[in-house]
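Residue-level structure breakdown
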Amino acid sequence: MPNLKEVRSRISSVGSTMQITSAMKMVSAAKLKRTQDKVIQMRQYASKLETITNNILNQSANTKNSFITPTKGNKTLLVVITSNRGLAGGFNSNTIKKCWNLIQTTYTNDDVKVLSIGKKAQDVFKKTPLHFELPLSTIQPNSVFDQLTFENAEKIANQILELYTNNTFNKIALVYSSFKSITPNHKHYLPMLSDVTNINNNSNYEIEPNQQLILETILPLNLKVQFYNALLDSFAAEHEARMTAMHKATDNAKDMLRNLKISYNKARQTAITTEILEIVAGAEALNG
């Protein structure tokens, strides 16, 4: 039977931890609501832009553009998006495991490098030969989540697009966790492929001044929007995962606190009973 002082100390410790996890749950819920609104708005825009892009691409099979023309080589860049902080359940570890699985299965014949966006992925891959860093820029990948705006995401996206156009890499893919499902998602990014499932067959665009000029404008925009959408998706998934993890941690703390209080009451009753027995035995000894 544990002593009363030890049980009281554990009750105090668990109570403090429960307050912290409960507060973190509320903070994550508030951030999730704000990010969720951005995700919903951006998804509609990103989906419509991608549909328009695919329709234009499928109107002409002879279209030439650096973003849709495959280049020779097997150099692949995996852009892995995680968070800068932990305490989010399996959010980060599942994304990193997904990346390792892709390297060992899908890209076994490629020369793969990993660009980490988020401190948790960087801590893992910087210890390996796979680690790749962007050239010095006005914003570092890990700091994009401090102020997640399209302008900041665009700065990173421009550097990623340049890595493809200057033939540093022949293929680029995104690995990130999706909002709602919180499951790791693998998305082909470059070269850009036409998605036949995302075409409006009833649309017949009249393009002015010409298709080539329109594509030179809309393709980079579409790629930047898709990248920003992936960052938002991952950011919302992070808060959802952390809110769920902190909710479970708070419930576990409540259960532990209840069990500790039962143990404390039992120990206290045992101590009181022992003291009464000692008093009775002492009184009987004096009377005897």
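Each chain has its residues counted from 1, running along the sequence as written. Totals for whole chains, interfaces and linings use all residues, but because this is a predicted model, local features are given only for residues with pLDDT of at least 70 and pairs of side-chain atoms are given and counted only at 80 or more. Side-chain measures were taken over the full set of non-hydrogen atoms in the model, leaving aside hydrogen atoms and water.

Focus: the packing of helix 1 (residues 4-59) against helix 5 (residues 211-287)
The relative placement of two packed helices is expressed as an angle between their axes plus a distance between the axes. Inter-axis angles, ranging from 0 to 180 degrees, are taken between N-to-C directions of lines fitted to C-alpha atoms, where helices are fitted over the stretch in contact. Counting from the N terminus, the helices are the DSSP runs of H or I reaching at least four residues and the strands are the DSSP runs of E reaching at least two. Where helix 1 meets helix 5, the closest approach of the two axes is 4 Å, and the angle between their N-to-C directions is 160°. Of the possible angle classes, the one that applies to helix 1 and helix 5 is roughly antiparallel. Seen from above, helix 1 lies across helix 5 with left-handed handedness. In these notes the angle categories are as follows: under 35 degrees is roughly parallel, over 145 is roughly antiparallel, 65 to 115 is roughly perpendicular, and the rest is oblique. Note on convention: the crossing is left-handed when the near helix lies turned anticlockwise from the far helix by less than a right angle, right-handed when the turn is clockwise.

What about the sheet that holds strand 3 (residues 131-132)?
Read from one edge to the other, the open sheet built from five strands follows the order 3-2-1-4-5, with strand pairing classed as mixed. The open sheet has two edge strands, strand 3 and strand 5 (184-190), and neither has a second partner. Relative to strand 2 (residues 111-117), strand 1 (residues 75-81) runs parallel, the two being bridged by seven bridges. Looking at the pairing, Lys 75 lines up with Asp 111 of strand 2. Where helix 4 (residues 150-165) meets the sheet, its contacts fall on strand 1, strand 2, strand 3, strand 4 (171-177) and strand 5, and the angle it forms with strand 5 comes to roughly 60°. Strand pairing requires that DSSP identify at least two bridges connecting the strands. The contact criterion used throughout is that any non-hydrogen atoms of two residues lie within 4.5 Å.

Overview of helix 4
To estimate the expected span of a helix, subtract one from its residue number and multiply by 1.5 Å. Taking 1.5 Å per residue, 16 residues should reach 22 Å; helix 4 reaches 21 Å between its end C-alpha atoms and fits that length. Every buried residue belonging to helix 4 is among Asn 152, Ala 153, Ile 156, Ala 157, Gln 159, Ile 160, Leu 161, Leu 163 and Tyr 164, and all of these are buried. Where helix 4 is buried, its residues meet strand 1, strand 2, strand 3, strand 4, strand 5 and helix 5. Within two residues after helix 4, Asn 167 carries a phi angle of roughly 65°, on the positive side. Residue exposure (1.4 Å probe, protein chains only): buried if accessible area is under 20% of the type maximum, exposed if over 50%, otherwise partly exposed.

Examining the pattern of salt bridges
Every case where a carboxyl oxygen of Asp or Glu lies within 4 Å of a side-chain nitrogen of Lys or Arg is listed as a salt bridge. Following the criterion strictly, the structure yields eight salt bridges and no others. Asp 37 serves as the salt-bridge partner of Lys 33, at 3.1 Å between the closest nitrogen and oxygen. Taken as a pair, Lys 33 and Asp 37 lie in helix 1 at a separation of four residues, close to a single helical turn. For Asp 110, the salt bridge identified is with Lys 171, shortest N-O distance 2.8 Å. Taken together, the positions of Asp 110 in the loop between helix 2 (91-104) and strand 2 and Lys 171 in strand 4 put the pair 61 residues apart, joining distant regions of the chain. Several salt bridges converge on common partners, so that one network encompasses Lys 119, Asp 123 and Lys 126.

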